[in-house]
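# Working through the structure, step by step
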Amino acid sequence: MRLIFLPVTLSIALAAAIEPLDSHPWQAPGPNDFRGPCPMLNTLSNHQFLPHDGRNITKDKVISAMGSALNFNESLAALMFQMAIVANPSKNATFFTLEQLQVHGVLEHDASLSRSDAFFGNNYVFNESIFNETKLYWTGETLDANMLANSKVARQISSKAFNPNYTFTPTVESFSLGEVSAPIIAFGDMQAATVRRDLVEYFFENERFPTELGWSTRTEVVNIDAILRLSEIIGNASSLITSSEAVVSTRRRDLHAGIY
Ligand code: HEM
Ligand SMILES: *[C@@H]1O[C@H](CO)[C@@H](O)[C@H](O)[C@H]1NC(C)=O
Ligand SMILES: *[C@@H]1O[C@H](CO)[C@@H](O)[C@H](O)[C@H]1NC(C)=O
Ligand SMILES: *[C@@H]1O[C@H](CO)[C@@H](O)[C@H](O)[C@H]1NC(C)=O
Ligand SMILES: *[C@@H]1O[C@H](CO)[C@@H](O)[C@H](O)[C@H]1NC(C)=O
Ligand SMILES: *[C@@H]1O[C@H](CO)[C@@H](O)[C@H](O)[C@H]1NC(C)=O
Ligand SMILES: *[C@@H]1O[C@H](CO)[C@@H](O)[C@H](O)[C@H]1NC(C)=O
């Protein structure tokens, strides 16, 4: 998720209608279809909310895809498109392609949850060994902000330790916080800042909406304030400093419950 320091100037009244997933069956990408480093845009293309070939992604298409599949507010989707359009190097571009998102250092960055750093090779295709590293920190059946934040920090330490070209600017940090909270926004409980682990793993591993696991589009509109709030929660959970109280992970708590 790309966020977002532009002033919100648009205020569009109509929310896009949610479309049933039945009318958007999943179809694997073919050899000439573009895909990129964003598991959500890939998923939207796989379900044909966005063009299946991964090309000509215009503002209108982003608004309607994010509205109908995720119940995103139109102005939020428009803002995200505005953030994304830098990916197309043409002047005054009106669309981007999923291939353009692959370029390292524009929007794509190091220490992703499911992609390798560009320094080591392919930086946009799902990478099982990287995602295995991430999942080590997803220690409960329900992911909370601490687990998501821990996986983010761990991927950064891994990159900082082993990638001599590791780059992670303050701008990347703000994007990264949006991306790490994105699973909660798409599939989780935004108020509690939690999300079922099985839904998130299925999504990353298949680039497919987890309808067969019981997920459906949320009925509440997703607004920018919810996204900013969740980014802040993940940011706070990324700190390695605690108060005097211990931070007890879910698994530890379960263990205690079992023992005592
Ligand atoms: C116009 C809209 C969007 C654009 C242009 C976009 C673009 C990107 C890009 C370039 C990355 C790669 C960053 C990296 O190097 O890790 C990324 C990652 C990601 N995006 Fe999106 N994104 C958009 C919307 C969304 C939405 C709506 C969601 C879900 C609610 C989402 C979920 C994610 C997640 C979870 C990642 C992290 C993947 C990882 O760390 O392996 N994105 N996005
Ligand atoms: C969409 O977002 C705009 C700008 O933040 C806001 O004014 C509007 O009320 C929102 N619409 C809905 C349906 O939440
Ligand atoms: C991109 O999509 C728009 C809207 O559907 C269409 O008008 C335009 O011709 C398309 N452009 C290309 C290059 O396919
Ligand atoms: C881009 O838009 C600006 C402002 O509208 C215009 O002056 C310029 O000629 C456009 N450039 C191209 C290459 O179309
Ligand atoms: C996955 O990432 C690792 C570490 O960056 C890399 O060594 C490996 O070649 C990648 N695997 C694939 C299939 O690209
Ligand atoms: C290496 O780091 C520089 C500076 O951040 C960046 O411009 C370049 O794209 C990086 N290259 C790779 C392969 O990571
Ligand atoms: C990822 O973890 C699974 C389960 O532990 C293992 O079977 C698989 O070989 C691992 N994949 C890679 C590429 O390390």
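Computed from a prediction, not measured in an experiment: that's the story for all the values here.

### A few points about the nonpolar core
Formed by 58 residues in total, the largest nonpolar core has its most connected members in L44, F72, F96, F187 and F209. Every residue in contact with L44, bar those within four places of it in the chain, is listed here: F49, L50, A65, M66, A69 and F209.

### What about the coordination of the iron atom of ligand 1?
One donor from the polypeptide reaches the iron atom of ligand 1: C38 (SG), at 2.3 Å. If you trace the backbone, C38 turns up in the segment before α1 (39–46).

### Thoughts on the side chain of N46
Residue placement: N46 occurs in helix α1. In this structure, N46 is in contact with P25, W26, Q27, P29, R35, H52, N206 and E207, ignoring residues within four places of it in sequence.

### A short note on the confidence of the model for the chain
Regions with low pLDDT carry predicted coordinates that are not meant to be interpreted in detail. With 89% of its residues at a pLDDT of 70 or more, the chain has an overall mean of 91. Predicted confidence is poor over residues 4–15, with pLDDT under 50, and the contacts of this stretch with residues over four places away or in other chains come to 22 contacts. Within the model, the stretch residues 252–260 combines pLDDT values under 50 with one contact to residues more than four positions away or in other chains.

### What to know about the site of ligand 7
The environment of ligand 7 is made up of E128, S129 and N132. Contacts to ligand 7 include E128, whose side-chain N or O atom sits 2.6 Å from a nitrogen atom. In this structure, an oxygen atom belonging to ligand 7 sits 2.3 Å away from a side-chain N or O atom of N132. If ligand 7 stood free it would expose 360 Å²; the protein chains cover 30% of that surface.

### Focus: the site of ligand 1
Near ligand 1 there are 21 residues, and of these C38, H109, S112, L113 and S114 occur at the shortest range. Within the contact set of ligand 1, an oxygen atom lies 3.2 Å away from a side-chain nitrogen or oxygen of E108. In this structure, L113 approaches ligand 1 through a main-chain N or O atom, which is 2.7 Å from an oxygen atom. Every element with two or more residues in the shell around ligand 1 is listed here: α1, α3 (74–84) and α6 (170–187). Of all the elements, α1 adds the most residues to the shell around ligand 1, at three residues. Grouping the amino acids of the shell around ligand 1 by side-chain chemistry returns 14 nonpolar, three polar and four charged.

### Regarding the packing of aromatic side chains
How two aromatic rings sit relative to each other is given by the distance of their centres and the angle of their planes. All chains considered together, the criterion is met by 13 aromatic pairs. Geometrically, the ring pair formed by F187 and F209 is edge-to-face, given 6.5 Å between the ring centres and 70° between the ring planes. Highlighted residues: F187 in helix α6 and F209 in the loop between α7 (197–206) and α8 (224–237), separated in sequence by 22 residues. Take F187 and F209: they sit in the same class, and that class is buried. Judged by centre distance (5.4 Å) and plane angle (80°), the rings of F187 and W215 are edge-to-face. One end of the pair, F187, is in helix α6; the other, W215, is in the loop between α7 and α8, with 28 residues separating them in the sequence.

Reading the values: rules and limits
- Residues numbered from 1 in each chain as written.
- Chains lettered and ligands numbered in written order.
- Predicted model: local features only at pLDDT ≥ 70, side-chain atom pairs only at ≥ 80, totals over all residues.
- Heavy atoms only, no water.
- Core = buried A, V, L, I, M, F, W, Y, C linked by side-chain atoms within 4.5 Å.
- Buried < 20%, exposed > 50% of the residue type's maximum accessible area, 1.4 Å probe, protein only.
- Contact = heavy atoms within 4.5 Å.
- Donors = N, O, S within 2.8 Å, 3.2 Å for Na, K, Ca; no water.
- Helix = DSSP H or I, 4+ residues; strand = E, 2+ residues; numbered from the N terminus.
- pLDDT = per-residue confidence, 0-100.
- Near = heavy atom within 4 Å.
- Polar contact = N/O pair within 3.5 Å; in protein donor to acceptor, adjacent residues only side chain to side chain.
- Areas by Shrake-Rupley, 256 points an atom, 1.4 Å probe, with all protein chains shown as cover.
- Nonpolar A, V, L, I, M, F, W, Y, C, P; charged D, E, K, R; others polar.
- Phe/Tyr/Trp six-rings, centres within 6.5 Å; stacked < 30°, edge-to-face > 60°.

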